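# Structure at a glance
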Amino acid sequence: DAVGRFRMVDLDGRPIDVYAADACLMQMTEVAYEVSDSVRFVIGSAQVQSYLGLPYRQMMYEINSGRFGGTSALVGKQDEPLLIAKMLPRMTEKSLDPLRGQQGRFDPKASRTFTMSSLSAPELRRSLGPAVNRLGQSLVDYLVEDRMRSMDLRFLIKNAPNFMGGARELGSFLGLLEIHLDAEEQRLKRSTTALAEVRRSVALVKEAAGFASIAYGYGTSYRDASQQLHLLGFKSIGIWLPQSQAEFELRIDDFDRSQFYLDAPSWARWLRALYAPAP
């Protein structure tokens, strides 16, 4: 498996500095977490990536020249892997610009659906995993408190920015969930025990995602003024949120074997609670 292959090239007990996936649909929380005990930084695209690939020529020039896309001027040159993690999403976004980018001239449409983020692997395990686990349990309790809420949560999932393969953008889902909680409190004219805990848990996941996210970029289709997804906390990080009971039943066994689900079992529990057949 992926983790086994990474351990085979272990550097005397030290983790690999940077794992950058030049492929589509790789920057899911579940995928990044799978290698998070063997690398320092995980870089990749949550969406379909341009067949042009990463801007390798520019990347190598920036590394060899010590410029690192200008990031070295901000944080110094002592930690080159960190500089690469900060540099690559923004550099790739600029390269895919259809008017001024080196790659964008050859694939003008690539900039529309572009996403890329750099994640701190240690923070995935130290902060994001436990926070997501807590959110999962709070959502289980939220559904137990009022089973009718499952309809609202399914609606939120369907309206969160989606990527091919069933992933939804984590930050935007959290933003939509906060908006929903605000609306429910206004309708009820009060909070509830479970609702308040979901709100606290969402705040913790957002904080943890901020710790884990080193840099990110995204394309023009996510910047549409009518969507304003950046206001929801869009960070180009995917997470599997099935749209239907059929999708859940088809794929849950595969996800159950992932390290993320083993370390954050409450996340699977809330999805099961959401898609459990009605009594």
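Since the model is a prediction, treat every value here as computed from it, not as a measurement. (Residues numbered from 1 in each chain as written. Predicted model: local features only at pLDDT ≥ 70, side-chain atom pairs only at ≥ 80, totals over all residues. Heavy atoms only, no water.)

Per-residue confidence for the protein chain gives a mean pLDDT of 88, with 90% of residues at or over 70. Put simply, helix α1 (residues 2-8) is where the protein chain has its lowest mean pLDDT, 45, and helix α7 (residues 121-145) is where it has its highest, 97. Residue range residues 1-8 is modelled with pLDDT below 50. Its contacts to residues more than four positions away, or to other chains, number 12 contacts. (pLDDT = per-residue confidence, 0-100. Helix = DSSP H or I, 4+ residues; strand = E, 2+ residues; numbered from the N terminus. Contact = heavy atoms within 4.5 Å.)

Empty space among the atoms becomes visible once a probe the size of a water molecule is rolled across them. Scanning the model with the defined rule gives one cavity of 30 Å³ or more in all. Approximately 30 Å³ is the volume attributed to the largest cavity. Looking at the largest cavity, the residues that line it are Gln49, Ser50, Gly53, Thr92, Leu96 and Phe114. For the lining of the largest cavity, the class distribution of residues is two nonpolar, four polar and no charged. (1 Å grid on protein atoms, 1.4 Å probe; cavity = no way out; pocket = protein on both sides within 12 Å on 5 of 7 lines; lining within 4 Å. Points joined across faces, edges and corners; volume = space filled by probe spheres on them. Nonpolar A, V, L, I, M, F, W, Y, C, P; charged D, E, K, R; others polar.)

What follows deals with the side chain of Gln49. By secondary structure assignment, the location of Gln49 is in the loop between β2 (39-44) and α3 (56-65). Looking at Gln49, its side chain comes within polar contact range of the side chain of Asp22, at 2.6 Å. Sequence-distant contacts of Gln49, defined by excluding residues within four places in its chain, comprise Ala21, Asp22, Ala23, Cys24 and Leu54. (Polar contact = N/O pair within 3.5 Å; in protein donor to acceptor, adjacent residues only side chain to side chain.)

On to the packing of aromatic side chains. Enumeration according to the criterion identifies 11 aromatic pairs in this entry. With centroids separated by 6.4 Å and ring planes inclined at 75°, the aromatic side chains of Phe163 and Tyr222 adopt a geometry described as edge-to-face. A residue pair is termed long-range when its members are at least 10 positions apart, and Phe163 in the loop between α8 (149-159) and β4 (167-169) and Tyr222 in the loop between β5 (213-218) and β6 (238-240) qualify at 59 residues. Each member of the pair, Phe163 as well as Tyr222, is classed as buried. Both rings, one in Tyr216 and one in Tyr218, keep their centres 6.4 Å apart while their planes meet at 5°; by these two values the pair is stacked. Here the aromatic residues Tyr33, Trp240, Phe248, Phe255, Phe260, Tyr261 and Tyr275 are joined through ring pairs into a cluster of three or more. (Phe/Tyr/Trp six-rings, centres within 6.5 Å; stacked < 30°, edge-to-face > 60°. Buried < 20%, exposed > 50% of the residue type's maximum accessible area, 1.4 Å probe, protein only.)

Across soluble globular proteins, nonpolar side chains show a tendency to be buried alongside one another. The biggest cluster of nonpolar side chains holds 60 residues, and the ones touching the most others in it are Leu153, Phe173, Leu177, Tyr261, Trp267 and Trp270. Tallying contributions element by element places α7 first for this core, with 10 residues. Beyond its immediate stretch of four places on either side in the chain, Trp267 contacts Val132, Asn133, Leu135, Gly136, Ile239, Trp240, Leu241, Phe260 and Tyr261. Grouped together as the second largest cluster of nonpolar side chains are 16 residues, Phe41, Met87, Leu96 and Met116 included. (Core = buried A, V, L, I, M, F, W, Y, C linked by side-chain atoms within 4.5 Å.)

For strand β1 (residues 16-20) and β2, the ladder comprises four bridges, and the chain directions are parallel. Paired with Ile16 across the strands is Val39, a residue of β2. Between β1 and its parallel partner β2, the chain crosses via helix α2 (residues 29-34), and the hand of that crossover is right-handed. (Pairing = 2+ DSSP bridges. Right-handed = clockwise from strand over helix to strand, strands pointing away.)

The next thing to look at is the pattern of salt bridges. Counting across every chain of the model gives 16 salt bridges. Residues Asp97 and Arg100 are paired through a salt bridge, measuring 3.2 Å at the closest nitrogen-oxygen approach. Linking Glu123 and Arg126 is a salt bridge whose minimum nitrogen-to-oxygen distance equals 2.9 Å. Separated by three residues within a single helix, Glu123 and Arg126 lie in helix α7, roughly one turn from each other. Here Glu123 falls in the buried class, since its relative accessible area comes to 16%. Through salt bridges with shared partners, one network takes in Glu145, Arg149, Glu184 and Arg187. (Salt bridge = Lys/Arg side-chain N within 4 Å of Asp/Glu carboxyl O.)

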